[in-house]
Amino acid sequence: MTEKKINVDYMSRVEGEGALRIHFKDDQVSEVQLNIFEPPRFFEAFLHGRSYDDVVDITARICGICPVAYQMSATHALEKALGITPPPGIRSLRRLFYCGEWIESHALHVYMLHAPDYLGYESAISMAGNPELLPVVKRALRMKKAGNDLMVVIGGREIHPVSACVGGFYAAPSQKALKALLPELEWGLNAAIDTVQWAATLEYPDFEVDYEFVSLSHPDEYPFNEGSILSSTGLDVPMEEFDQHYVEHQVAHSNALHARRVDSGSTYMVGPQARFNLNFERLSPTVRDLSDEIGLELPVRNPFHSLIIRSLEMVNAFEEAVQLIESYEQPRQSRAEIPQPLQAGEGCHATEAPRGLLFHRYRVDENGLITFARIVPPTSQNQPRIEADLWQYAPGVIQLPLEEATLRCEQLVRCYDPCISCATHFLKLDIVHD
Amino acid sequence: MSRSLERKSTTLLVIGVGNLYRSDDGAGITVVRRLKERGISGIEFTEHRGEGTDLIEVMKGYRSVFLVDAVQSGSSPGEIIRIEAHREPLPAQFSAGSTHSFGVAEAIEMARILGELPQRLIVFGLQGLDFSVGANLSVEIEQAIPVLVEKIYRELKLFKTEGESAL
């Protein structure tokens, strides 16, 4: 009997600290572990006893790449708990805020983290060293900056923005400040279209999986902040029922929880590929035409094509950002009055973070203090799915030289753009040491 | 947005990189705050968490940049490293522990390839001990900070009195 092992002690080009271990016996996979060893961060525990209006800024700290997602899921959930309706104009401003984050996050992942895998480079820096690819890297940095600048104007700063609050925003940006961004966002729209066409020329491994896709779905728009929970298996339930159907479990080998379906215990995928497959008709005509032009067939079952899908989502985000700014009028009131005395209550909400569905649930007492918090980030939902993909994918690459096989498996993990910092925010810790 | 304002080419920017909630990782920011308190006119100070792509933007347009960051390597806690990064690449200990594996060292190398590196980029590294969650600096680091502040202060004074050509 021959044994082989793929070991990546420290995954690169992912956010946070994790390792990958795949064991083979006679070229059959015997064990797959995506080992997330970044320490747990206990966010849910230290929200207990904090005021409801601290939650938006505290949870934003879970992630430096997708703080807006945490702020959006938290504000909506707490508004439901406290019976607050944001004033007119806030809904659009929140979508615009989310456009900035998607652009920033997707530009980083597509070009700096994932593209080197397809082009045979160790990193984006070595990519930039090739004169032919230097303009591509420059385009990436400029696109990312366009997203950052949008977040700065709405959120005050691009990392852990400070303007979002329960009921709306502490201050809404002026029309003038947002309009000043238009030329760069219009450039970005064209750059994103170029990105899709460039992404379509890359060579992708031939690999398909019969996934259960899960995302928000809204009848009129591509999902950011609103919608029901839709699954490719046909499940379509209000977001309030999310945690009746999908639940997190602890596993010994990881500091991140693993989410699975309650009824079958099966894995599922959240993120761009799930959103795209389930909501294709709500993408802009530009995006749908582009998708047809490059010959993408629905549903997209090849996880490596997520790079193309992120590029298409960037087109959608740039286009929507331009439209929202063109029709923007500064709201007269940037946030709702908080009714006094406060009512005790419970609320939950899901929004679509760049990496997928992000669910929050809170209970608030009559003094406005948090008595219960649950946060289910995209990466903990995708983690068992990543391992399941590797069980299927690894046997096909193990005949390659070990270094090449390892790279291929890492490339697959990076399809999920896993955010390990997000996934280790959780409450309980139970590690088994040999 | 203030970053996009036109800058005088003689302005020197001092960047403190780190995370105040990761114990010694906050050293770079602490150093820059103390330098700022000593009041040297005509020098800009900023704090940064070390995300590489943004760091390239922050440095863009400045002819001279001083960057202060805590590092993790085998050397003894509190040790100070000074690197003329416009001349040589940063050693590996500057690239560890950064979000998305694109941190200070990667930003500097990328800026070098893009032709956007400041003409003079001095990186000051302070060897840290504890990078776990927490808001306090280790004793060794706390003791080393005044030494590093004084060292950078002198270089800044030299910049002020003798002009950029002297540096």
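A brief structural summary.

Thresholds applied
Residues numbered from 1 in each chain as written. Chains lettered and ligands numbered in written order. Predicted model: local features only at pLDDT ≥ 70, side-chain atom pairs only at ≥ 80, totals over all residues. Heavy atoms only, no water. Axes fitted to C-alpha atoms, helices over the stretch in contact; angles between N-to-C directions. Helix = DSSP H or I, 4+ residues; strand = E, 2+ residues; numbered from the N terminus. Parallel < 35°, antiparallel > 145°, perpendicular 65-115°, else oblique. Left-handed = near helix turned anticlockwise from the far one by under 90°. Contact = heavy atoms within 4.5 Å. Nonpolar A, V, L, I, M, F, W, Y, C, P; charged D, E, K, R; others polar. Core = buried A, V, L, I, M, F, W, Y, C linked by side-chain atoms within 4.5 Å. Buried < 20%, exposed > 50% of the residue type's maximum accessible area, 1.4 Å probe, protein only. Pairing = 2+ DSSP bridges. Disulfide = S-S within 2.5 Å. Phe/Tyr/Trp six-rings, centres within 6.5 Å; stacked < 30°, edge-to-face > 60°. Salt bridge = Lys/Arg side-chain N within 4 Å of Asp/Glu carboxyl O. Right-handed = clockwise from strand over helix to strand, strands pointing away. Expected span 1.5 Å × (residues − 1).

**Re the packing of helix α2 (residues 52-59) of chain B against helix α3 (residues 104-114) of chain B**
Helix-helix packing: each pair is described by the crossing angle between the helix axes and the interaxial distance.
All names here are of chain B.
Moving on, step 1. Closest axis-to-axis distance for the α2/α3 pair is 8 Å, and the angle between their directions is 55°. For the element pair α2 / α3, the angle class is oblique. The handedness of the crossing between α2 and α3 comes out as right-handed. Across from G52, L55, I56 and M59 in α2, the residues of α3 making contact are V104, A107, I108, M110 and A111.
Moving on, step 2. Along the lines of polarity and charge, the residues of the contact of α2 with α3 split into 8 nonpolar, 1 polar and no charged.

**Points about the nonpolar core**
For soluble globular proteins, the rule of thumb is that nonpolar side chains tend to be buried together.
Moving on, step 1. Core analysis: the biggest nonpolar cluster contains 156 residues, and I22(A), M112(A), Y362(A) and M110(B) have the highest contact counts within it.
Moving on, step 2. If one sorts the elements of this core by residue count, helix α4 (residues 90-119) of chain A sits on top with 16 residues.
Moving on, step 3. Membership of the second largest hydrophobic core comes to 26 residues, among which are I40(B), A70(B), I122(B) and L137(B).

**Some points on the pairing of strand β5 (residues 120-127) of chain B**
Residue and element names in this part refer to chain B.
Moving on, step 1. For β5, the buried fraction is high: 8 of the 8 residues fall into the buried class.
Moving on, step 2. Strand direction decides the pairing type here: strand β3 (residues 64-71) and β5, joined by 8 bridges, are parallel. Across the sheet, V71 pairs through a bridge with Q127, a residue of β5.
Moving on, step 3. Direction of pairing for strand β4 (residues 80-84) relative to β5: antiparallel, over a ladder of 5 bridges. Each residue of the ladder has a partner; that of E84, found in β5, is I122.

**As for the state of the cysteines**
Moving on, step 1. As enumerated under the stated definition, the model contains 0 disulfides over all chains in all.
Moving on, step 2. Between C99(A), a cysteine without a disulfide, and C66(A), which holds the nearest cysteine sulfur, the sulfur-to-sulfur distance is 16 Å.

**Observations concerning the packing of aromatic side chains**
Residues and elements named next belong to chain A.
Moving on, step 1. Taken as a whole, this structure holds 16 aromatic pairs over all chains when the rule is applied.
Moving on, step 2. Judged by centre distance (4.5 Å) and plane angle (65°), the rings of W102 and F224 are edge-to-face. With a gap of 122 residues between them, W102 in helix α4 and F224 in the loop between β6 (214-217) and β7 (228-231) connect regions that are remote in the sequence.
Moving on, step 3. Given the relative accessible area of 1%, W102 is considered buried.
Moving on, step 4. Under the relative-accessibility criterion, F224 is labelled buried at 2%.
Moving on, step 5. Between F242 and F359 the ring centres are 4.8 Å apart and the planes differ by 35°, which places this aromatic pair in the tilted class. Of this pair, F242 sits in helix α9 (residues 242-245) while F359 sits in strand β12 (residues 356-364), placing them 117 residues apart in sequence.

**Quick word on the environment of A135(B)**
Moving on, step 1. Among the secondary structure elements, A135(B) is positioned in the loop between β5 and α4 (139-162).
Moving on, step 2. Separated by 114 residues in sequence, A135(B) and Y21(B) place their C-alpha atoms 4.7 Å apart.

**With respect to the pattern of salt bridges**
Moving on, step 1. Applying the stated criterion across every chain, the model contains 37 salt bridges over all chains.
Moving on, step 2. Residue K144(A) is joined to E51(B) by a salt bridge in which the shortest nitrogen-to-oxygen separation is 3.1 Å. Of the two residues, K144(A) sits in helix α6 (residues 134-155) while E51(B) sits in the loop between β2 (43-48) and α2, which places them in two different chains. A single burial state applies to K144(A) and to E51(B), both of which are buried.

**Quick word on the pairing of strand β1 (residues 12-17) of chain B**
Residue and element names in this part refer to chain B.
Moving on, step 1. Burial analysis of β1 places 6 of its 6 residues in the buried class, which makes it a mostly covered element.
Moving on, step 2. Of the two faces of β1, the one holding L12, V14 and G16 and the one holding L13, I15 and V17 are both buried throughout.
Moving on, step 3. Looking at chain direction, β1 and β2 are connected through 6 bridges and run parallel. When the bridges of β2 are listed, I15 appears paired with T46.
Moving on, step 4. Note that the unit made of β1, helix α1 (residues 27-37) and β2 has a crossover that is right-handed.
Moving on, step 5. In this sheet, β3 lies alongside β1 in parallel orientation, the contact comprising 6 bridges. When the sheet's bridge partners are listed, V17 is paired in β3 with D69.

**Looking at helix α3 (residues 67-82) of chain A**
Residues and elements named next belong to chain A.
Moving on, step 1. The end-to-end C-alpha separation of α3 is 22 Å, in line with the 22 Å expected for 16 residues at 1.5 Å each.
Moving on, step 2. Within α3, 15 of the 16 residues are buried, which leaves it mostly tucked inside the rest of the structure.
Moving on, step 3. Positive backbone phi, at 70°, marks G83, one or two positions downstream of α3.

**With respect to the sheet that holds β7(A)**
All names here are of chain A.
Moving on, step 1. Read across the open sheet, the 3 strands follow the order β6-β7-β8; overall the sheet is antiparallel. Strands at the two margins of the open sheet, each flanked by one partner only, are β6 and β8 (236-237).
Moving on, step 2. Looking at chain direction, β6 and β7 are connected through 4 bridges and run antiparallel. Bridge pairing in β7 places S217 opposite S228.
Moving on, step 3. Across the sheet, helix α10 (residues 272-279) is in contact with β6 and β7; its angle to β6 comes to roughly 50°.

**What to know about the sheet that holds strand β1 (residues 3-8) of chain A**
One key point about sheets: their strands pair by backbone hydrogen bonds, in either a parallel or an antiparallel sense.
All names here are of chain A.
Moving on, step 1. Pairing is antiparallel across the open sheet formed by 3 strands, whose spatial order is β1-β2-β3. Both outer strands of the open sheet, β1 and β3 (28-36), are each paired with one neighbouring strand and no more. Each strand of the sheet is rotated relative to its neighbour by a mean of 10°, with strand direction disregarded.
Moving on, step 2. Direction of pairing for β1 relative to strand β2 (residues 18-25): antiparallel, over a ladder of 6 bridges. Along β2, the bridge assignment pairs V8 with L20.
Moving on, step 3. Along the sheet, helix α13 (residues 378-397) contacts β2 and β3; its crossing angle with β3, the most-contacted strand, is approximately 150°.
Moving on, step 4. With respect to the sheet, helix α14 (residues 402-414) is in contact with β1, β2 and β3, its orientation differing from that of β1 by roughly 55°.

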